[in-house]
Amino acid sequence: MPTFKSFPLPDTAEGLTEAEILSWHVQPGDEVTVNQIIVEIETAKAAVELPCPWAGVVTELHVEPGQTVDVGTPILTIDTDPGGAAAPAPAPAAATPSTSDSAEAGSGEEEMKPLVGYGSKAVQAKRRPRKAAAAASDGGATVARSTVQAAFERQQGPASAPESPPPPPVVPDTPAALMEPGGYVPLAKPPVRKLAKDLGVDLRALAVNGDVITRDAVQQAASGAPEPSTVDTGYDAAARERRVPIKGVRKHTATAMVSSAFTAPHVTEFLTVDVTPMMEFRAKLKNDPRFRDVKLTPLAFCAKAVCLAVQRTPDVNAFWDEAAQEIVYKEYVHLGIAAATPRGLIVPKVRDADGMSLRQIADSIEQLTAVAREGKTTPAAMANGTFTITNVGVFGVDTGTPIITPGEVAILAFGAIRDMPWVVDGEIMVRKVCQLSLSFDHRVVDGQQGSQFLADVGALLADPATAILY
Amino acid sequence: MSSPDEWTHPVPGEGPPATAAAPTAERVIAGLRATSEGGEDLVQLLTPEGERVPNERFDRYIADVTDEDIRGLYRDMVLVRRADRESNALQRQGQLGIWVPLLGQEAAQIGVGRAMRHTDMAFPSYREHGVAWCKGITPQQLLGIFRGTDNGGWDSAATRFHPYTIVIGNQVLNAAGYAMGQRFEGKVGDDSDGTAEATVCFFGDGATSQGDVHEGFVWASVYDAPLVFFCQNNQWAISEPTERQSRLPLYQRARGYGFPGIRVDGNDVLATLAVSRWALDECRHGNGPILIEAFTYRMDAHTTTDDPTRYRLSDEVETWKLKDPLERVRVHLIRHEMADDAFFEQVQAESDQMAAELRDYCFNMPDPPVRQMFDNVYSEPHPYLEAQRDEYVDYVAGFAGGEH
């Protein structure tokens with residue numbers, strides 16, 4: 001008679017739960033010998049070849065190469081007695097190895113039982129039933145045992161609750177034999193023993209189930225019962241706190257920032273720059289007729305500098321595609337300008353900013369921030385950025401450690417421009433100084449690229465004439 | 001499974017297993033360097049080609065070894081290797097939780113194992129299956145601890161083979177203490193009636209970086225303990241090459257502690273036997289301790305959980321196959337007509353039968369009673385432990401269906 005045995009995927013290391021089938025070395029119909037290599041699998045630890053546990057003929061492979069299967073899942077069936085006459089049933093299908101097991105003789109099933117460190121899913125999930133309560137309460141059950149029993153009975157719910165014995169007293173739980181002198185010393189750390197001795201507390205009276213006795217337990221025993229703890233807050237919470245539902249922009253911002261902060265490893269670098277030449281240039285341009293009707297902010301210069309610097313360091317204008325396991329380098333710059341609005345933080349994008357002149361960038365920023373402040377920015381206008389500038393300077397703040405907008409790899413914080421003492425040619429002078437800080441995703445950008453980019457932006461602001469070099 | 005080609009690729013012609021990582025250049029260099037640097041101080045009596053080379057100092061320690069004895073050493077190594085390969089396969093079939101292969105270290109273990117008397121005590125790490133064999137422990141008895149059904153598996157007092165120690169280097173302290181005891185009890189010095197004793201402590205190259213090993217060296221040294229420190233330098237502490245353990249050959253460390261150290265070809269069973277006999281003899285006469293560095297190679301993974309292709313080249317393994325401990329004895333036996341085909345066939349048949357029995361035993365191994373895990377924790381009855389045991393046995397008995 002053919003005897004079918006199915007081989008459950010073993011745990012080839014310690015505590016693995018699954019493995020990927022790399023390739024089969026046998027096919028249905030093949031004759032196999034004991035310890036012949038039948039399959040190669042890859043676990044979290046290693047690629048491993050599995051030897052066949054029995055000799056016989058392969059009747060069916062239950063899993064395909066490329067498939068990841070749980071430990072304990074039958075992966076192939078072998079007929080260990082193919083010479084037997086008149087095979088009655090075909091090999092069991094993938095879904096039915098358990099059926100074949102149960103149909104088999106008891107001894108056969110015994111061999112397939114989970115043995116070490118793992119079990120087939122069915123066996124693992126099964127919880128053996130407890131014996132009836134009556135069986136437990138007969139004879140001289142120890143206190144400890146009835147404690148366990150009672151705890152279990154309570155879990156079973158109201159149906160069996162009336163039959164369960166009343167819960168035993170909790171404290172004198174230590175078997176009497178252990179209370180005899182020399183038999184058992186309650187567990188407590190030396191300083192706690194000293195404390196107990198000083199306070200005149202008998203540790204034996206505090207021993208519960210052999211647990212380690214804590215300092216608190218000793219102090220409590222010395223001072224009597226603990227006082228009920230009622231905390232007086234001193235004020236009516238409802239009257240002095242305001243609760244605002246988390247929704248809308250706040251909710252979106254929170255989600256995006258948490259997601260970014262916990263997926264992208266942030267690195268932030270800082271640079272302090274003397275931007276006097278830029279401010280002088282700006283003053284000059286303001287008198288230029290071509291810039292007559294536009295608000296030429298330092299932010300526009302910063303945006304232009306970013307667009308130029310990206311050319312040299314495209315790494316900061318990229319995207320970590322986790323799903324595809326690829327880094328996507330963008331050949332365009334959709335520059336996000338973070339704007340504070342009554343609705344919260346809005347980041348509209350200056351589309352294709354890399355192809356724009358300073359004047360065009362200034363126009364765009366003016367227009368986008370105006371729309372944002374009116375709360376009319378459309379979701380489409382906020383999507384698909386490639387780089388973000390947050391202008392913390394408008395709040396009079398020097399710098400910050402900005403969090404990267406999800407989907408991008410870097411963000412620049414543009415600080416306030418202040419009159420500061422600055423050393424020029426060995427002398428302290430009053431100059432226009434501002435701080436830049438760049439946060440970048442270290443998965444994509446290394447310190448070298450980040451630093452180069454930040455230095456480039458700084459150089460462009462410190463001396464706008466260097467733009468001619470790009 | 002005795003052909004070297006079948007060790008790492010049981011199916012001839014199969015390539016190396018696909019893995020995610022490759023060894024670093026540094027590791028490759030370190031690993032290959034080990035293949036050429038046994039050094040001039042290496043004691044070798046049988047070359048990898050099976051040639052017996054004379055050695056003025058150590059020849060006399062194997063002068064009494066007959067052809068029959070050499071055949072016996074060969075048989076030991078074949079059977080131990082077969083038991084090791086079968087156990088490795090049993091792990092891959094889900095019958096053992098883990099296995100620690102000894103492949104390649106048979107000569108080192110059989111050499112020292114056969115040099116020991118029954119009264120000599122052994123403190124193994126967890127790879128000393130060959131020493132266990134010499135101490136009369138069957139491969140079956142080793143399986144319990146790897147299947148998780150036993151904390152030991154043998155009577156360490158009767159067999160004089162301490163339970164396997166998993167903590168790296170920890171057994172060196174136990175061994176130092178035991179050997180000091182042998183000296184305090186006067187079992188060292190006069191061996192005229194053959195009753196003097198010694199202890200052998202086993203550890204690997206990785207363990208030499210452990211504090212416990214240092215402490216054991218110090219204690220054994222200053223108390224002249226009859227202790228042979230037997231370090232099997234198999235070149236790899238899991239993935240770390242010996243180069244990351246020591247800047248000088250390991251056997252030279254002994255000098256710093258004030259006792260002799262010697263490096264022996266651990267793939268040469270005759271040399272290991274001779275050097276071990278010398279070292280044990282010195283120890284029994286009160287001239288211990290002694291460090292033996294058996295220069296050998298771990299042909300397989302550190303354990304079944306390890307993937308050595310991630311840190312070393314298969315070229316390195318191939319090089320060491322040329323120094324195989326079994327092959328050189330086999331060639332020696334054939335060349336000098338010390339064994340005929342019938343002998344090799346008989347050993348093969350014996351190993352086949354042993355493997356089948358081991359397999360059968362493992363598949364049908366009973367689960368031990370629950371209370372067994374509380375046994376042998378203390379040498380004397382312990383009321384607290386007994387209370388725990390009774391409570392747990394009662395708890396387990398509360399489940400329907402079976403004793404455990």
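Residues numbered from 1 in each chain as written. Chains lettered and ligands numbered in written order. Predicted model: local features only at pLDDT ≥ 70, side-chain atom pairs only at ≥ 80, totals over all residues. Heavy atoms only, no water.

**Side note on the overall build of chain A**
A tally of helices and strands in chain A yields 16 helices and 18 strands. A total of 470 residues make up chain A; the buried ones form 40% of that total. Here the contacts in chain A between residues at least 6 apart in sequence split such that 60% fall between residues at least 24 apart. Summed over its atoms, the accessible surface of chain A is roughly 25,900 Å², and 56% of this surface lies on carbon and sulfur atoms. (Helix = DSSP H or I, 4+ residues; strand = E, 2+ residues; numbered from the N terminus. Buried < 20%, exposed > 50% of the residue type's maximum accessible area, 1.4 Å probe, protein only. Contact = heavy atoms within 4.5 Å. Areas by Shrake-Rupley, 256 points an atom, 1.4 Å probe, with all protein chains shown as cover.)

**Topic: the layout of surface pockets**
Residues and elements named next belong to chain A. Approximately 1,100 Å³ is the volume attributed to the second largest pocket. As for the second largest pocket, its lining consists of 49 residues, and the residues nearest its centre are Ile337, Ala338, Ala339, Leu345 and Ile346. Those elements that provide at least two residues to the lining of the second largest pocket are helix H11 (248–263), helix H13 (298–312), strand E12 (335–341), strand E13 (344–346), helix H14 (358–373), helix H15 (379–382), strand E15 (387–390) and strand E16 (410–414). Taken together, the residues of the lining of the second largest pocket sort by class into 29 nonpolar, 13 polar and seven charged. (1 Å grid on protein atoms, 1.4 Å probe; cavity = no way out; pocket = protein on both sides within 12 Å on 5 of 7 lines; lining within 4 Å. Points joined across faces, edges and corners; volume = space filled by probe spheres on them. Nonpolar A, V, L, I, M, F, W, Y, C, P; charged D, E, K, R; others polar.)

**Points about the side chain of His302 of chain B**
Here His302 of chain B shows up in the loop between strand E7 (290–295) and helix H12 (314–321). Setting aside residues up to four positions removed in sequence, His302 of chain B forms contacts with Val100, Pro101, Tyr126, Arg127, Ile238 and Tyr311 of chain B.

**So, the packing of aromatic side chains**
Residues and elements named next belong to chain B. Counted by the stated rule, this structure contains 30 aromatic pairs over all chains. For the ring pair Phe295 and Trp320, a centre distance of 6.2 Å and an interplane angle of 45° mean the geometry is tilted. Of this pair, Phe295 sits in strand E7 while Trp320 sits in helix H12, placing them 25 residues apart in sequence. Overall, the relative accessible area of 2% leaves Trp320 in the buried class. (Phe/Tyr/Trp six-rings, centres within 6.5 Å; stacked < 30°, edge-to-face > 60°.)

**Some points on the pairing of strand E1 (residues 4–8) of chain A**
Residues and elements named next belong to chain A. Across the five residues of E1, five count as buried, placing the element largely inside the fold. Here E1 shows two buried faces, one formed by Phe4, Ser6 and Pro8 and the other by Lys5 and Phe7. Examined bridge by bridge, E1 and strand E8 (residues 74–79) share five bridges and lie antiparallel to one another. Looking at E8, one finds that Phe4 is bridged to Asp79. (Pairing = 2+ DSSP bridges.)

**A look at the pattern of salt bridges**
Residues and elements named next belong to chain B. Tallying each qualifying case throughout the model produces 33 salt bridges over all chains. Measuring nitrogen to oxygen at the nearest pair gives 2.8 Å for the salt bridge that ties Arg359 to Glu86. Of this pair, Arg359 sits in helix H14 (residues 341–363) while Glu86 sits in helix H3 (residues 67–92); the two residues are 273 residues apart in sequence, bridging distant segments of the chain. One salt bridge in this structure joins Glu197 and Arg160, with 3.6 Å as the shortest N-O distance. Taken together, the residues span a long stretch of sequence, with Glu197 in the loop between helix H8 (170–184) and strand E2 (199–204) and Arg160 in the loop between helix H7 (156–159) and H8 at a distance of 37 residues. (Salt bridge = Lys/Arg side-chain N within 4 Å of Asp/Glu carboxyl O.)

**Considerations on H12 of chain B**
Every buried residue of H12 of chain B is accounted for by Glu316, Val317, Trp320 and Lys321 of chain B. Seen along its axis, H12 of chain B keeps its buried residues to an arc of 145°; they face one direction. (Arc of directions from axis to C-beta.)

**Brief notes about the confidence of the model for chain A**
Averaged over all residues, the pLDDT of chain A is 78; the fraction at 70 or higher stands at 76%. Taken together, the stretch residues 87–125 of chain A has pLDDT below 50 and engages in 52 contacts with residues farther than four places along the chain or on a different chain. (pLDDT = per-residue confidence, 0-100.)

**Points about the packing of H3 of chain B against helix H13 (residues 325–335) of chain B**
Residue and element names in this part refer to chain B. The interhelical angle for the contact between H3 and H13, taken along N-to-C directions, is 145°, at an axis separation of 10 Å. Of the two elements, H3 crosses H13, and the hand of that crossing is left-handed. Contacts between H3 and H13 involve Ile70, Arg71, Tyr74, Met77, Val78 and Arg81 on the former and, on the latter, Pro325, Leu326, Val329, Arg330, His332 and Leu333. Along the lines of polarity and charge, the residues of the contact of H3 with H13 split into eight nonpolar, one polar and three charged. (Axes fitted to C-alpha atoms, helices over the stretch in contact; angles between N-to-C directions. Left-handed = near helix turned anticlockwise from the far one by under 90°.)

**Brief notes about H14 of chain B**
The first and last C-alpha atoms of H14 of chain B sit 33 Å apart over 23 residues, in line with the 33 Å expected at 1.5 Å per residue. Burial in H14 of chain B covers these residues: Phe343, Phe344, Val347, Ser351, Met354, Ala355, Leu358, Arg359, Cys362 and Phe363 of chain B. (Expected span 1.5 Å × (residues − 1).)

**Observations regarding the pairing of strand E2 (residues 18–24) of chain A**
Residues and elements named next belong to chain A. As judged from the three bridges shared by E2 and strand E7 (residues 68–70), these two strands associate in the antiparallel manner. Across the sheet, Glu18 pairs through a bridge with Asp70, a residue of E7. One ladder, built from four bridges, connects E2 with strand E4 (residues 37–42); its direction is antiparallel. Opposite Ser23, over in E4, you have Glu40 as the bridge partner.

**Brief notes about the sheet that holds E2 of chain B**
Residue and element names in this part refer to chain B. Spatially, five strands are ordered E1-E2-E3-E7-E6 in an open sheet, and the strand pairing comes out parallel. Single-partner strands in this sheet number two, and they are strand E1 (121–123) and strand E6 (261–265). Across the sheet, the axes of successive neighbouring strands diverge by a mean angle of 20°, strand direction being ignored. Across five bridges, E6 lies against E7 in parallel orientation. Bridging from a neighbouring strand, Ile262 pairs with Ile292 of E7. Each of E2, strand E3 (227–233) and E7 touches helix H9 (residues 211–222); the most contacted strand, E3, lies at about 150° to it.

**Overview of the sheet that holds strand E6 (residues 56–61) of chain A**
A sheet is described by the order of its strands in space; here four strands give the open sequence E1-E8-E6-E3 (chain A), paired in antiparallel fashion. Each of the sheet's edge strands pairs with one partner strand only, and the pair in question is E1 and strand E3 (31–32) of chain A.

**Details of the nonpolar core**
The tendency in soluble globular proteins is for nonpolar side chains to be buried side by side. Grouped together as the largest cluster of nonpolar side chains are 96 residues, with contacts concentrated most on Trp24, Ile75 and Leu76 of chain A together with Leu270, Ile292 and Leu333 of chain B. Broken down by element, this core gets its largest block of residues, 10 residues, from helix H11 (residues 269–284) of chain B. Among the nonpolar cores identified, the runner-up in size contains 49 residues, and Leu412, Phe414, Leu436 and Leu454 of chain A belong to it. (Core = buried A, V, L, I, M, F, W, Y, C linked by side-chain atoms within 4.5 Å.)

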